[in-house]
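One letter stands for each residue in the lines below.
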Amino acid sequence: MNILLLGSGGREHALAWKMAQSRKLKKLYIAPGNGGMHDLGDCIDLDVTEHEKVIDFIKLCKIDLVVIGPEAPLVAGLADALEATNIKVFGPKKAAAQLEGSKGFTKNICKEHNIPTAKYGHFDNQEEAIDYVKSQGTPIVIKADGLAAGKGVVMAETMDEAITAIKDCFDGSFGAAGAEVVIEETLYGQEASFFVLTDGEHCLPLATAQDHKRAFDGDQGPNTGGMGAYSPAPVMTDELIEQTMTTIIEPTVKALKDQGTPYKGVLYAGLMITDQGPKLIEYNARFGDPECQVLMMRLDSDIIPALEAVATGTLNKIKLDWNKNPAITVVMTAKGYPGTYQKGDHIIGVATASHPENIEIFHAGTDLIDGKTIAVGGRVLNVTTCAPTLKEAQELAYDAIKQIDWPDAVYRTDIAWRAL
Ligand code: AMP
Ligand code: GLY
């Protein structure tokens, strides 16, 4: 089959790498892709906000399946436009993608269906939001309602911080995303990510994975998109998986189906494992990045039939096999990330470092310019390995990093420490 993959991150590189191993794949197109994906398919320029142009391209190139990586095109309704012209798509339609697109939407679903989550209030004006915070006290969590590229959450320790965060939201710091705020109690416990494929009716949990969101070693410093990940995540025991499926995932999928807006794609639940069991922090309508990289590294089965089954509503026929060896990915970032970062570094030695079979270096913010790999983004490379033990996988990854000639690279030196 011919597949069009949308996105340019490490997540999409890992998906492309995995799809390219499938005998079902005839031709892969990637829009826009990055500096590491040219060997896997045709990287093309296609403005995904122009739905008609995307549809024209799909017809011209006889695309059988479209796989949407990031959340923005989903929340903008690209899957709706494609399905309306009978194009098979992996990724939820706009109404279901609201699970990521609006925190208030998700909180309402939780309330209506008794899904465990933090206690909250949802406000569209500053005065009521401030009154609520005053009635609840601190610490408290202030969230812009809409998509804010991971930056719309403030964990306020003091009343001053909480009020400033509320004012920032309504003053437009997060653009349209901050027109409404969700304010919730602080949950305590260990965080875990949980991924399931769903075709709107059937759910298939994936292997467990966990990322490290903080910029610095020891899980310190500012939040980032993710500095590394590992799979499996020992925190997600079989019992917790079962509990998460029955109390969080299945009621959500059923609620969306019953509303007439079934969710098709990968559903990513951010959880807090509290003393009272797993509670939902948030949903994302996409694979985690960099969690996807370790999942693809461990997936033994062909991924294409699973993606297609999500699109066609036949996920009950799919079983996925996972390599029992753990995987880890270490993200190499440009100096300055997650703030303003340096661009234009020339990176040498990626091909040599990724030569052994159990090491894959997935690119994210790179461009291939005159045959040279140039850093153009914040998160740049994902050094991903799989080995009989997590310790060995970790050593392999850090040995591979040493072979990459990129003096200004910044990365954490302790990825997977919690699991070790
Ligand atoms: P979110 O964008 O909602 O996932 O929030 C980003 C990060 O903020 C999460 O990964 C958690 O680390 C933290 N966070 C969000 N909500 C809460 C909460 N209610 N209690 C504790 N931590 C939270
Ligand atoms: N790794 C966190 C995310 O993809 O949102």
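Above this note sits the structure.
All figures in this text were calculated on a predicted structure; none of them were measured in a lab.

Participant: With reference to specific residues and values, describe the site of ligand 2.
Facilitator: Every residue near ligand 2 is listed here: Asp-211, Gly-225, Tyr-268, Arg-286, Gly-288, Asp-289, Pro-290 and Glu-291. Residue Asp-211 places a side-chain N or O atom 2.8 Å away from a nitrogen atom belonging to ligand 2. With respect to ligand 2, the backbone of Asp-289 contributes an N or O atom lying 2.9 Å from an oxygen atom. Relative to its unbound accessible surface of 200 Å², ligand 2 loses 88% to contact with the protein. Class assignment of the residues belonging to the shell around ligand 2 gives a composition of two nonpolar, two polar and four charged.

Participant: Requested: an account of the packing of helix α7 (residues 126–136) against helix α8 (residues 159–170), with residues and values cited.
Facilitator: The packing of two helices is summarised by the inter-axis angle and the distance between the axes. At a closest axis distance of 10 Å, the pairing of α7 and α8 adopts a crossing angle of 160 degrees. Judged by the angle between their axes, α7 and α8 are roughly antiparallel. In terms of crossing hand, the pair formed by α7 and α8 is right-handed. On α8, the residues that touch Gln-126, Ala-129, Ile-130, Val-133 and Lys-134 of α7 are Met-159, Ala-162, Ile-163, Ile-166, Lys-167 and Phe-170. Across the contact of α7 with α8, the residue classes tally to eight nonpolar, one polar and two charged.

Participant: I'd like a rundown of the site of ligand 1, residues and numbers included.
Facilitator: Neighbouring residues of ligand 1: 15 residues in total, closest Glu-184, Glu-185, Leu-187, Glu-191 and Glu-282. One nitrogen or oxygen atom from the side chain of Lys-103 is found 3.3 Å from an oxygen atom belonging to ligand 1. Between ligand 1 and Glu-185 there is a distance of 2.9 Å, counted from a nitrogen atom to a backbone nitrogen or oxygen. A total of 470 Å² of accessible area belongs to ligand 1 in isolation, and the protein chains cover 90% of it. Of all the elements in the fold, those that place two or more residues in the shell around ligand 1 are β7 (140–144), β8 (153–156), β9 (181–185) and β17 (277–284).

Participant: Which residues make up the packing of aromatic side chains, and what values go with them?
Facilitator: Throughout the structure, instances matching the rule amount to six aromatic pairs. Pairing Tyr-29 with Phe-57 gives two aromatic rings, centres 5.4 Å apart and planes at 85 degrees, and the pair type is edge-to-face. Linking Tyr-29 in strand β2 (residues 27–32) with Phe-57 in helix α2 (residues 51–60), this pair joins segments that are 28 residues apart in sequence. Across this residue pair, the class does not change: Tyr-29 and Phe-57 are buried. Residues Phe-123 and Tyr-132 carry aromatic rings whose centres are separated by 5.1 Å and whose planes lie at 50 degrees to one another, so their mutual orientation is tilted.

Participant: Lay out the sheet that holds strand β6 (residues 120–123) in plain terms, naming residues and giving numbers.
Facilitator: One open sheet holds the four strands; their spatial order is β6-β9-β7-β8, and the pairing between them is antiparallel. Among the strands making up the open sheet, the edge pair consists of β6 and β8. Averaged over all pairs of adjacent strands, the angle between strand axes in this sheet comes to 15 degrees, irrespective of strand direction.

Participant: I'd like a description of the environment of Ile-249, backed by residues and values.
Facilitator: You can see Ile-249 is positioned in helix α9 (residues 238–258). Given a relative accessible area of 0%, Ile-249 falls into the buried group. With 51 residues separating them along the chain, Ile-249 and Thr-198 place their C-alpha atoms 9.8 Å apart. With residues up to four places along the chain from it excluded, the contact list for Ile-249 reads Phe-194, Val-196, Cys-203, Thr-244, Ala-269 and Tyr-283.

Participant: Explain the pairing of β17 residue by residue, including any values.
Facilitator: Among the eight residues that make up β17, six are buried, leaving the element largely enclosed by the rest of the structure. Note that strand β16 (residues 265–274) and β17 share seven bridges and pair antiparallel. Opposite Leu-271, over in β17, you have Leu-280 as the bridge partner. Taking the residues between adjacent antiparallel strands as the criterion, β16 and β17 are bridged by two residues.

Participant: Describe in detail the environment of Tyr-411, supporting the description with residues and values.
Facilitator: Tracing the backbone through its elements, the reader meets Tyr-411 in the segment after α13 (390–402). In this structure Tyr-411 comes out as partly exposed when scored by relative accessible area, which is 32%. As a C-alpha pair, Tyr-411 and Ala-334 span 77 residues in sequence and 8.8 Å in three-dimensional space. Setting aside anything within four residues of it in sequence, one finds Tyr-411 in contact with Val-330, Val-331, Met-332, Tyr-398 and Ile-401.

Parameters at a glance
Residues numbered from 1 in each chain as written. Chains lettered and ligands numbered in written order. Predicted model: local features only at pLDDT ≥ 70, side-chain atom pairs only at ≥ 80, totals over all residues. Heavy atoms only, no water. Near = heavy atom within 4 Å. Polar contact = N/O pair within 3.5 Å; in protein donor to acceptor, adjacent residues only side chain to side chain. Areas by Shrake-Rupley, 256 points an atom, 1.4 Å probe, with all protein chains shown as cover. Nonpolar A, V, L, I, M, F, W, Y, C, P; charged D, E, K, R; others polar. Axes fitted to C-alpha atoms, helices over the stretch in contact; angles between N-to-C directions. Helix = DSSP H or I, 4+ residues; strand = E, 2+ residues; numbered from the N terminus. Parallel < 35°, antiparallel > 145°, perpendicular 65-115°, else oblique. Left-handed = near helix turned anticlockwise from the far one by under 90°. Contact = heavy atoms within 4.5 Å. Phe/Tyr/Trp six-rings, centres within 6.5 Å; stacked < 30°, edge-to-face > 60°. Buried < 20%, exposed > 50% of the residue type's maximum accessible area, 1.4 Å probe, protein only. Pairing = 2+ DSSP bridges.

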